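Coordinate inspection notes
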Amino acid sequence: MIKHAVRAVVAAAGLTAAIAAISQRSEAPTGFDNRSNGVVDDSTHQADQATFDEVEAIDDGLGPLYNAQSCRECHQNPTSGGPSQITELRVGHRGPDGRFKNADIPIARGRVIISGRTLVNDRAICPNAAFPDSEIQERVPETETIRTTRASLNLLGDGLVEAVAEETLLDLAREQRRTTHGQIHGQAVRVPIVEAPGATGVGRFGWKDQHASLLSFSGDAYLNEMGITNRLFPDEVTTLCNTVTEPNNEPDSTGLADIDRFARFMRATKAPPRDTLLAKTPKAKTGSALFDKIGCAVCHVRTLTTAAAGTAINGGTFTIPPALGEKTFHPFGDFLLHNVGTGDGIVMAMPEHYGRNVYQIVWKAFSLDSLARTQNKVRTAPLWGVRLRPRLMHDQASLTLRDAIVRHGGEASGVTQRFRKLSRREQQAIVEFLKSL
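None of these values were measured; they are calculated from a predicted model.

Before going further, it helps to spend a moment on the sheet that holds strand β11 (residues 304-305). The strand order across the open sheet built from three strands is β1-β14-β11, with neighbouring strands paired in mixed fashion. Whereas interior strands pair on both sides, the edge strands pair on one side only; in this sheet they are β1 (26-27) and β11. Pairing between β1 and strand β14 (residues 327-329): two bridges, direction parallel. In the strand pairing of β14, Glu-27 is matched with Thr-328.

In this section: the packing of aromatic side chains. What the rule picks out here adds up to eight aromatic pairs. Taking the centre distance of 6.4 Å and the plane angle of 85 degrees together, the rings of Phe-52 and Phe-262 count as edge-to-face. In this pair, Phe-52 is assigned in helix α3 (residues 42-53) and Phe-262 in helix α7 (residues 258-268), connecting sequence segments 210 residues apart. Among the residues examined, Phe-262 registers a relative accessible area of 3% and is labelled buried. On the basis of an interplanar angle of 35 degrees and a centroid distance of 4.6 Å, the ring pair of Phe-52 and Phe-265 is categorised as tilted. Placement of the pair is Phe-52 in helix α3 and Phe-265 in helix α7, with a sequence separation of 213 residues. In textbook terms, an aromatic cluster arises when at least three aromatic residues are bridged by ring pairs, as seen for Phe-52, Tyr-222, Phe-262 and Phe-265. Sitting above the plane of the Phe-318 ring, Arg-267 keeps its charged end 3.8 Å from the centroid.

Pairing of strand β4 (residues 100-107) with strand β5 (residues 112-117), which is carried by four bridges, proceeds in the antiparallel orientation. Note on β5: the bridge partner recorded for Ile-107 is Val-112. Counted along the chain from β4 to the antiparallel partner β5, the turn is four residues long, and its residue Ala-108 has a positive phi close to 55 degrees.

So, on to helix α6 (residues 214-226). Taking 1.5 Å as the rise per residue, α6 with 13 residues should run 18 Å; its terminal C-alpha atoms sit 17 Å apart, in good agreement. For α6, the buried fraction is high: 12 of the 13 residues fall into the buried class. For α6, the side-chain oxygen to backbone nitrogen distance between the N-cap and Leu-215 is 3.1 Å, and the N-cap itself is Ser-213. In the stretch just after α6, Gly-227 is the one whose phi turns positive, near 75 degrees.

A complete count under the given rule lists 22 salt bridges for this structure. Two residues, Asp-33 and Lys-270, come together in a salt bridge whose shortest N-O distance is 2.8 Å. Residue Asp-33 is found in the loop between β1 and α3, and its partner Lys-270 is found in the loop between α7 and α8 (276-279); the two are separated by 237 residues along the sequence. For Asp-33, a relative accessible area of 36% corresponds to the partly exposed category. Its relative accessible area of 13% is what places Lys-270 among the buried residues. A salt bridge links Asp-97 to Lys-101; the shortest N-O distance between them is 3.9 Å. Of the residues examined, Lys-101 reaches a relative accessible area of 33% and is grouped as partly exposed. Salt bridges sharing common partners tie together Asp-48, Asp-252, Arg-261 and Arg-264.

With that out of the way, let us pick up the nonpolar core. Ranked by size, the top nonpolar core spans 59 residues in total, and within it Leu-169, Ile-259, Leu-304, Phe-329, Tyr-354 and Leu-371 carry the most contacts. Of all hydrophobic cores here, the second largest spans 24 residues; its members include Ile-184, Phe-291, Cys-299 and Val-406.

For the pair α3 and α7, the least separation of the axes is 9 Å and the interaxial angle reads 125 degrees. Taken together, the axes of α3 and α7 lie oblique to each other. Crossing of α3 over α7 shows left-handed handedness. Counting all contacts with α3, which are made through Thr-44, His-45, Asp-48, Gln-49, Thr-51 and Phe-52, the residues of α7 involved are Asp-258, Arg-261, Phe-262, Arg-264, Phe-265 and Ala-268. Of the residues in the contact of α3 with α7, the class split is four nonpolar, four polar and four charged.

Turning to helix α13 (residues 413-421), its buried residues number three or more, namely Val-415, Thr-416 and Phe-419. Down the axis of α13, the buried set is contained in an arc of 100 degrees. They therefore lie on one face. Residues of α13 that are buried in the fold lie against α12 (401-407) and α14 (424-434).

What follows deals with the state of the cysteines. Considering all chains together, one arrives at one disulfide under this definition. At a sulfur-sulfur separation of 2.0 Å, the disulfide partner of Cys-126 is Cys-241. The sign of the -135 degrees torsion about the S-S bond sets the Cys-126-Cys-241 disulfide as left-handed. Here Cys-126, found in the loop between β7 (123-124) and β8 (146-151), pairs with Cys-241, found in the loop between α6 and α7; they are 115 residues apart in sequence, far enough to count as distant. An identical accessibility class is assigned to Cys-126 and Cys-241; each is buried. In this structure Cys-71 is a free cysteine whose sulfur lies 8.7 Å from that of Cys-74, the closest cysteine sulfur available. Free cysteine: Cys-296, not disulfide-bonded; nearest cysteine sulfur from Cys-299 at 9.2 Å.

Chain-level statistics for the protein chain give a pLDDT mean of 94 and a share of 95% at 70 or above. The lowest-confidence element of the protein chain is helix α1 (residues 2-13), averaging 33 in pLDDT; the highest-confidence one is helix α4 (residues 158-162), averaging 99. Low pLDDT (under 50) marks residues 1-23, which in the prediction has 12 contacts with non-local residues, meaning those over four places away or in another chain.

Reading the values: rules and limits
- Residues numbered from 1 in each chain as written.
- Predicted model: local features only at pLDDT ≥ 70, side-chain atom pairs only at ≥ 80, totals over all residues.
- Heavy atoms only, no water.
- Pairing = 2+ DSSP bridges.
- Helix = DSSP H or I, 4+ residues; strand = E, 2+ residues; numbered from the N terminus.
- Phe/Tyr/Trp six-rings, centres within 6.5 Å; stacked < 30°, edge-to-face > 60°.
- Buried < 20%, exposed > 50% of the residue type's maximum accessible area, 1.4 Å probe, protein only.
- Lys NZ or Arg CZ within 6 Å of the ring centre and 35° of its normal.
- Expected span 1.5 Å × (residues − 1).
- Polar contact = N/O pair within 3.5 Å; in protein donor to acceptor, adjacent residues only side chain to side chain.
- Salt bridge = Lys/Arg side-chain N within 4 Å of Asp/Glu carboxyl O.
- Core = buried A, V, L, I, M, F, W, Y, C linked by side-chain atoms within 4.5 Å.
- Axes fitted to C-alpha atoms, helices over the stretch in contact; angles between N-to-C directions.
- Parallel < 35°, antiparallel > 145°, perpendicular 65-115°, else oblique.
- Left-handed = near helix turned anticlockwise from the far one by under 90°.
- Contact = heavy atoms within 4.5 Å.
- Nonpolar A, V, L, I, M, F, W, Y, C, P; charged D, E, K, R; others polar.
- Arc of directions from axis to C-beta.
- Disulfide = S-S within 2.5 Å.
- pLDDT = per-residue confidence, 0-100.

Right under this line is the structure:
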């Protein structure tokens, strides 16, 4: 790969420029050691992790509807920021026109309807001592016939993902179409940057690529998963049982709110490391070659490189620091949306992910039709760290690596067929390779 990069640069600008370009790139650090990748010093990173790990209480603004009491609760294996076995519940229905409609969830004995979301929260702060007769627990009504669970995602290394240039992801989508004659065609969606009203970016976070910015992602999760309102998402899902001033979370003495610390924590995490001992075995090496040969790497892209340090992203609200600039990393994912036959039928809910005022803002280069086309698509699951997940795919319904592979259909049906034609020994070699990731 480096040789190819050198040839390309040489042709464009000569040997001196080629050497300079390659020398500026470096491998992103990896590890589960809870140390910073260089975005901040280790003590700052540890302080940010403490905020990430903090357990929220009702007095902090927890709820009224929520799923977890801390970020760590859903992102912890094998350390803070990793994935977990936790899933969230999403539902919806088709309208008379056949198009997806967001859920309508009754609470308070049917007196209040929660709308504008697909998420159904598993927990609620009521009834409690202060509100013994308040019944606000969400339950799925029979009318919401589209139903799915989604696994919590790995966040380690996501600062690198955020720093990948939009054009890199768009180029991947175009190259997939070209090399597979349209069989594989990843979709890149432009989504709102909540902290930069009017600006959009190519989505890369969440199972539906609903966010391009880690700060937007943090604000969304703080409200929708923990019920903590913040400057990006200041409105509670319901005011029933709510006694805490809005927004629940305010900046501290340093001027930073929790969502700022969450985003900085994720940006400073190291990428998941490989199992280097297993990766060196002959069987895993054979599997690695077969992984490429049958076409897995078309979507599970091995290597990406971030944009240059100093590049402004997220509508100009964040500048890529040196620790994230021109870093090569190995996510084994393209961060695009694909229909591989496992889609959950759900379209992202605009008010849920971008705030109640989302329709009052004109978003640059944004298309609701492009979101509608994501209904049966999910983001390619990056395979870095997959060896630490006993439950696989977006719904955690596949329990072995081989099961997950053969479950792929749709755009991936050709790859799956090629896998099935391999000998059992060759199939097992690919599985052994995946165990090293």
